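The chain contents come next:
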Number of protein chains: 2
Amino acid sequence: MRQDNRMPRVLHALLHLDQMTGPATSDLLAGMLNTNAAVVRRTMAGLRDQGFVTSTKGHGGGWVLAKPLSEITLAGIYDALGAPKLFALGCGNEESHCLMEQAANAATAEALRVASETFLSALSAITMADLARDYETRMKELGLNPDDYRFDASKIP
Amino acid sequence: MRQDNRMPRVLHALLHLDQMTGPATSDLLAGMLNTNAAVVRRTMAGLRDQGFVTSTKGHGGGWVLAKPLSEITLAGIYDALGAPKLFALGCGNEESHCLMEQAANAATAEALRVASETFLSALSAITMADLARDYETRMKELGLNPDDYRFDASKIP
DNA sequence: AATCATGTATCATTACAAGTTACATGATTC
DNA sequence: GAATCATGTAACTTGTAATGATACATGATT
């Protein structure tokens, strides 16, 4: 199974959006995320539907953050992505006639359930503002000033 | 990504093995698991290497449980399967130069880490004997007697 | 009217568990 | 010791879902 990297990718995109003084086009974001504009549109669609970002067409259009980072939890983003399948491990076919298979599946399912609960509660406890703080810490550790890295996409030559 | 169902499948197989009075061939197990003999051999190979089961060739050969179920934890089985990738979600590429991407990936990775910890500790707390008890409970709920369902594969016509 | 940017559909690519086939090797039976 | 049974293992195909890529319609701006 190939890995689903939409979650970290979207988090990354939001951090960049927060730093922009103007709208970012899908192409610009695609460059930052090392991917394709169509992928950006597809992935961000859910966030737009949930009101985390807005997108506008035409000249000077693009993606803009619609809420302060502190009001966006990672759990909200996960939901906005459609709560994608978390596990590569399955718990078998729930419609089994074999009672042993039922017992085996139930045990696996229960372990997955508690893990998923932990995952979701970890996501609920983190906001994008926490990530932004982490980013700034990383900047300062390198002796850089985050303010120097803000920019207006419309000023790109 | 396609789901990895080796875990529940192996648990299922072990419950059946426990109930057999003689060795079970890969073909017999494959029938019980609705799969293929080659898949059974491939999947059980790890369990054999870890000493949970033995396999013998030739007439009357097959798979036999090598330990009491109470000494087999689900965590041990997960390891024996090679600790397969648990998540369908990725946490991005760890080798990123972008500090925002690093922050995004780290947050995702941390949520996955705690979830994985919960998963593994849930698996450690369960033994195959617990599953066997669950199976017997399910039997009794249907008014059946588990003892009537033990059988010797060599007696199959 | 021309250009820019999103929205969306479609097809190709990739990764990996699982299904499948084939055959060598070793154990048992006669 | 030849036939048969069963595992061990390699090689190939299949199924599936995210991702990459391309194309085009639609709406906004200049």
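Parameters at a glance
- Residues numbered from 1 in each chain as written.
- Chains lettered and ligands numbered in written order.
- Predicted model: local features only at pLDDT ≥ 70, side-chain atom pairs only at ≥ 80, totals over all residues.
- Heavy atoms only, no water.
- Pairing = 2+ DSSP bridges.
- Helix = DSSP H or I, 4+ residues; strand = E, 2+ residues; numbered from the N terminus.
- Contact = heavy atoms within 4.5 Å.
- Buried area = accessible area lost by both parts, 1.4 Å probe.
- Salt bridge = Lys/Arg side-chain N within 4 Å of Asp/Glu carboxyl O.
- Polar contact = N/O pair within 3.5 Å; in protein donor to acceptor, adjacent residues only side chain to side chain.
- Buried < 20%, exposed > 50% of the residue type's maximum accessible area, 1.4 Å probe, protein only.
- Least-squares fit on C-alpha atoms with pLDDT ≥ 70 in both.
- Expected span 1.5 Å × (residues − 1).
- Arc of directions from axis to C-beta.
- Axes fitted to C-alpha atoms, helices over the stretch in contact; angles between N-to-C directions.
- Parallel < 35°, antiparallel > 145°, perpendicular 65-115°, else oblique.
- Nonpolar A, V, L, I, M, F, W, Y, C, P; charged D, E, K, R; others polar.
- Core = buried A, V, L, I, M, F, W, Y, C linked by side-chain atoms within 4.5 Å.
- 1 Å grid on protein atoms, 1.4 Å probe; cavity = no way out; pocket = protein on both sides within 12 Å on 5 of 7 lines; lining within 4 Å.
- Points joined across faces, edges and corners; volume = space filled by probe spheres on them.

Undergrad: Sorry if this is basic, but what is going on with the pairing of strand 1 (residues 53-56) of chain A here?
TA: Put simply, side chains in a regular strand alternate between the two faces of the sheet. Residues and elements named next belong to chain A. Relative to strand 2 (residues 62-65), strand 1 runs antiparallel, the two being bridged by four bridges. Residue T54 lies in a different strand from strand 2, and its bridge partner there is V64. Connecting strand 1 to the next strand, strand 2, in antiparallel fashion are five residues, including G58 with a positive phi near 75°.

Undergrad: Before we go on, may I ask you to explain the interface of chain B and chain A in this structure?
TA: Often, the extent of an interface is quoted as the loss of accessible area upon association of its parts. Listed by partner, the interface residues are 48 residues for chain B and 48 residues for chain A. Surface buried jointly by chain B and chain A totals about 4,200 Å² across both partners, of which 73% is contributed by carbon and sulfur atoms. In this assembly, chain B and chain A are joined by zero salt bridges. Summed over the shared surface of chain B and chain A, the number is 13 residue pairs in polar contact (both at pLDDT 80 or more). Broken down by secondary-structure element, the contributors of at least two residues to the side of chain B that touches chain A are helix 1 (6-19), helix 4 (74-80), helix 5 (99-124) and helix 6 (128-141) of chain B. Among the elements that take part in the side of chain B that touches chain A, helix 5 of chain B stands out by supplying 18 residues, more than any other.

Undergrad: It is not clear to me how the environment of A83(B) should be interpreted in this structure. Could you clarify?
TA: Its location among the elements puts A83(B) in the loop between helix 4 and helix 5. In this structure A83(B) comes out as partly exposed when scored by relative accessible area, which is 37%.

Undergrad: What should I look at first to understand the relation of the copies chain B and chain A in this one?
TA: Both copies of the chain are related by one operation, a rotation about an axis with a shift along it. Note on the identical chains: chain B maps onto chain A by a rotation of 180° and an axial translation of 0.0 Å, with an RMSD of 0.0 Å. Here the two chains are linked by the operation of a two-fold rotation axis. Interface overlap between copies is the fraction of interface residues in one copy that are interface residues in the other; for chain B against chain A it reaches 100%, indicating a shared surface.

Undergrad: Explanation requested: helix 1 of chain B in the structure shown.
TA: Every α-helical turn comprises 3.6 residues, leaving residues that sit three or four positions apart pointing alike. Over its 14 residues, helix 1 of chain B runs 20 Å from end to end, which matches the ideal 20 Å to within 8%, given 1.5 Å per residue. All of the buried residues along helix 1 of chain B are M7(B), P8(B), V10(B), L11(B), H12(B), A13(B), L14(B), L15(B), H16(B), L17(B) and Q19(B).

Undergrad: Looking at this model, I keep getting lost on unusual backbone geometry. Mind explaining?
TA: Leaving glycine out, the prevailing phi sign among residues is negative, and the prevailing peptide bond configuration is trans. Of note, N34(A) is a non-glycine position whose phi angle comes to about 55°, a positive value. The exposure class of N34(A) is exposed, given its relative accessible area of 65%.

Undergrad: Can you help me understand helix 2 (residues 26-33) of chain B in this one?
TA: All names here are of chain B. For helix 2, the set of buried residues is S26, L29, A30, M32 and L33. Buried residues of helix 2, seen end-on, are gathered within an arc of 160° and therefore sit on one face of the element. Summarising the contacts, the buried residues of helix 2 are in contact with helix 1, helix 3 (37-49) and strand 2 (62-65). After helix 2 finishes, the residue N34 shows a positive phi value of roughly 55°.

Undergrad: When you look at the packing of helix 1 of chain B against helix 6 of chain B in this model, what are you seeing that I'm missing?
TA: Helix-helix packing is described using two parameters, namely the angle between the two axes and the distance between the axes. All names here are of chain B. In contact at an axis separation of 10 Å, helix 1 and helix 6 are set at 75° when each is read in the N-to-C sense. One element, helix 1, and the other, helix 6, form an angle in the roughly perpendicular class. Contacts between helix 1 and helix 6 involve L11, L14, L15 and Q19 from the former and M128, L131, A132 and Y135 from the latter. In terms of residue class, the contact of helix 1 with helix 6 is made up of seven nonpolar, one polar and no charged.

Undergrad: I keep staring at the nonpolar core and nothing clicks. Help me out?
TA: Inside soluble globular proteins, nonpolar side chains tend to come together where they are buried. Ranked by size, the top nonpolar core spans 101 residues in total, and within it I77(A), M128(A), I77(B) and M128(B) carry the most contacts. Ignoring sequence-local partners within four residues, the contact set of M128(B) consists of L11(B), L14(B), L15(B), L69(B), I72(B), L74(B) and I77(B).

Undergrad: Mind showing me how you'd approach empty space enclosed by the protein here?
TA: Taking a probe equal in size to a water molecule and rolling it over the atoms shows the remaining empty space. Residue and element names in this part refer to chain B. Using the criterion set out here, one finds one cavity of 30 Å³ or more in the structure. Volume-wise, the largest cavity comes out at about 30 Å³. Surrounding the largest cavity, R9, V10, A13, L33, V40, T43 and M44 form its lining. For the lining of the largest cavity, the secondary structure elements donating two or more residues are helix 1 and helix 3.

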